[in-house]
Structure formats: C-alpha cells, structure tokens
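Here is what each chain is made of, one letter per residue.
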Amino acid sequence: MTAPFREARIDLEAVADNTRHLHRLTGVEVIAVVKANAYGHGAASVAVAALSGGATRLGVAEIPEAIDLRLQGITAPILAWLHAPDETFDTAAAMNIEVGISSFDQLMAVDAAAARAATTIGVHIKLETGLSRNGVAPNDWMRVFAEAARLERIGRIRIVGIFSHLSTTSLEDDRAALAVFERGVAAAAAQGVHPEIRHIAATGAAIDLPEARLDAVRIGLGLYGLSPFDGRSSSDLGLRPAMTLRAAVAAVRRVPAGAGISYGYTHRTAEETTLALVPLGYADGIPRQASGTGPVMINGRRFTVAGRIAMDQFVIDVGDAPVAVGDEVVLFGDPTLGAPAATQWADAADTINYEIVTRIGNRVPRRGV
C-alpha cells in the first residue's frame, strides 16, 4: 500500500487523553490553547477534541483565530489576548469572544465596542509580572482596576479573569513572578475587581509548580503530547504525541561511491548505495538547519537526512536496505511506537519541539484520526 505523498496525521483521541490527564493532574479548569492553528495540528478539530477531554475554555493569540473557530461552530468560551494597535473589538462583541486587556487604552476600546453593540464583553486583565512583553504594568494597575470595576458595574464588561505568563527560566523565577501576580490580584480586589478565574500557568508550570495552578491552567504544548522539559519525554509525563508527520518515498536511485547529494554537495556517498527521495522540504516547515542530522524511519529502520534539505524535498541514504517508491517515511510521531520524536528534530535544528510542529506548512494535509 502506497503511503500518502505528504501528511500530518493527527491523533485526536491523544489530544482528548492528554487533556483528561492534565485536568486530573492539576485539578483545576483547563484552558486549551489552540493558537497558531493549534500548534500546527488544526485548530477546530483539536478544539473539539480538547473540549471532549474536559477543557472548558479555549485560548488563542488573536481575535481572527477566535473568529475562525466561531465560524466553524465552536461555541465554548474563547479568550484572545494579543491585539493590533487599532483593534476596535467590535467583532469580539458580536461573536462573544473574551479579550485579554494589557493596557488602559485597550480597556477604553473595549468599553466603546460594548457601548456600540449594547452588550457586555468578557475581559481578562493581563498583568505584567516580569516577562517584559504585554500586560498592564504595575504602575498602571490602580487606574486600570478602578476603571474596570466601574465598567463592570454599569454592564459594559464582565471581568472573567486576571492572568499573566511565566518565563519558565527556573522555578525560582516563576515563583517570583507568581508573587508579583498575587500582589496584583490583591490590588485588584482592593479596587473591587473580583475575577471568576486567575490563570498564569502553562504546561510546564501546570506540571511542576502546583502553587501556580490557581483556578485554571492554560495547556498548549501538553495538549499535543509534547514535553516542555529537557530530559523528560512525553511518556515520562504521561502524554501521547498527537502529530505523526509522514510522506511517501517519491524516487529511489542507486548511485556509486562519491556521488554528491543535494545542493552544495555537503554530503558525498562513501560507497555504492541507494538514495531515497522524500517530498518534504523547508516550504513544508522541515528545518533546513537539520540538514545532515534529521532522523526518519522507513520500514521500521532509522536513517538520517543526507545533504541539504531543499525547499520541497530531501534525500536519505539507505545503504542496501530494501526501499521502494511509495514506502512510508515517518519524520516524527510517537516514540513509544518506534517513530523519531519531534524533539529529536528540534535538537537536530537547534530549536524547540514547539517550533517543529507549529511550522508544518499548509500544503501538508492534516488528517484527524
């Protein structure tokens, strides 16, 4: 049977199982983070799977991502927290999208949108606690909290949450940020702001820093069965990788010793050998930095990329192994089933497993199973 030409196979039951596992582990509400097309896995199908596994909310970076989920029939609460400078929040009001607020100006824009729509918009106030990105700075907390409390009293907004992000530099750094966050929550309460949920932990802190679990955890990487920790695998954490990236061998040729492979001839064959062509390249998100080092599995055997990864393809030197056109090539998947891990590709490219799965391009079809 010929393998798919290119395919990212998404195990949606693994997504649901990972959600259940982390919900049981943390004992709090799970916000399933499906930004960036669910880290490359397919936002709508992953959202449904995560919700079936016990997630109660969804998180995305931008309002357009939330709109796409609404248009695909997702009715669960959705939070979007990164906004364009000129964002009006009118669509958020119309489509019942909760918004993260990082400044007084954003709060005023939400107020104006709620007034235009004659509705109430759910907000999560984001606090800057040391990551130096977005979030209300401590010297502006009082003004934002006082105005948010007033807007809630008159029905313009509903204060759903207060939240922040951790750096994951170390447990000590994360505890310091958590202490700043707790001061912010106390200051908010003093101004009459009492959120329904407080959330600061992503997957790493949800697992390793119990005091950061609060009322909810935002699970991104763990949803997809990948580990955020060096030295601890998915299986160590009780997680199952959801994505298997595979393709079909597109061509096979026998070459003599000394044959150059791909651009720049960074690899020449040491002896007579067989080369297999894989129709995936950096246009599909395969990192060129993994040239000569990225692992694959063909017919149950491990091989390594030979030469440079090109835009659409790369080559594997399979020696004398019996490999034919149409044979399945697995780049990464579940290591417990023998596949290379996404983390091995991350190591080969000197990056992180988050990037490996998220960067898989649009011409690679996703197939949920």
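Our subject is the structure listed above.
So, here is what we can say about the structure in this document. (Residues numbered from 1 in each chain as written. Predicted model: local features only at pLDDT ≥ 70, side-chain atom pairs only at ≥ 80, totals over all residues. Heavy atoms only, no water.)

All right, on to the overall build of the protein then. Counting secondary structure elements, the protein contains 11 helices and 19 strands. Structurally, the protein occupies a C-alpha span of about 80 × 40 × 35 Å along its principal axes. Relative to its 369 residues, the protein shows a buried fraction of 54%. Taking the contacts inside the protein whose residues are at least 6 apart along the sequence as the reference set, 66% of them involve residues at least 24 apart. (Helix = DSSP H or I, 4+ residues; strand = E, 2+ residues; numbered from the N terminus. Buried < 20%, exposed > 50% of the residue type's maximum accessible area, 1.4 Å probe, protein only. Contact = heavy atoms within 4.5 Å.)

Our next topic: the sheet that holds strand β19 (residues 366-368). Across the sheet, 9 strands lie side by side as β11-β14-β17-β16-β15-β18-β10-β1-β19; this open sheet has mixed pairing. Where the open sheet ends on each side, the last strands, each with one partner, are β11 (251-255) and β19. Looking at each pair of strands side by side, their axes are set apart by 35 degrees on average, direction ignored. (Pairing = 2+ DSSP bridges. Axes fitted to C-alpha atoms, helices over the stretch in contact; angles between N-to-C directions.)

Residues lying three or four places apart along an α-helix face the same way, a consequence of the helix completing one turn every 3.6 residues. Counted at 1.5 Å a residue, the expected span for helix α1 (residues 12-26) with its 15 residues is 21 Å, and the 21 Å between its end C-alpha atoms agrees. Looking only at α1, the buried set comprises Ala14, Val15, Ala16, Asn18, Thr19, Leu22 and Thr26. Looking at the packing, one finds that the buried side of α1 touches β2 (29-33), α3 (43-52), α9 (203-208) and β9 (216-219). Directly beyond the C-terminal end of α1, a positive phi value near 70 degrees is found at Gly27. (Expected span 1.5 Å × (residues − 1).)

Our focus in this paragraph is the pairing of strand β18 (residues 328-332). With 4 of 5 residues buried, β18 lies mostly within the body of the structure. Looking at chain direction, strand β10 (residues 243-248) and β18 are connected through 4 bridges and run antiparallel. From the neighbouring strand, Ala247 faces β18, where its bridge partner is Val329. Relative to β18, strand β15 (residues 295-298) runs antiparallel, the two sharing 2 bridges. By the bridge assignment, Ile298 is partnered in β18 with Val329.

Before going further, it helps to spend a moment on the environment of Leu331. Residue placement: Leu331 occurs in strand β18. Of the residues examined, Leu331 reaches a relative accessible area of 0% and is grouped as buried. Sequence separation between Leu331 and Ala342 is 11 residues; the distance between their C-alpha atoms is 8.1 Å. Each residue touching Leu331, except ones within four places of it in the same chain, is listed here: Leu245, Leu280, Ile286, Pro295, Val296, Phe314, Pro340 and Trp345.

Structurally, Ala187 is set in helix α8 (residues 171-190). By relative accessible area, Ala187 is classed as buried at 16%. The spacing of Ala187 and Pro138 is 49 residues in sequence and 9.8 Å in space, taken between C-alpha atoms.

In this structure, Leu69, Ile125, Phe314, Leu331, Phe332 and Trp345 are the most contacted members of the largest nonpolar core, which totals 115 residues. Among the elements that make up this core, the one with the highest residue count is α8 (7 residues). Of all hydrophobic cores here, the second largest spans 6 residues; its members include Val255, Ile261, Leu275 and Val315. (Core = buried A, V, L, I, M, F, W, Y, C linked by side-chain atoms within 4.5 Å.)

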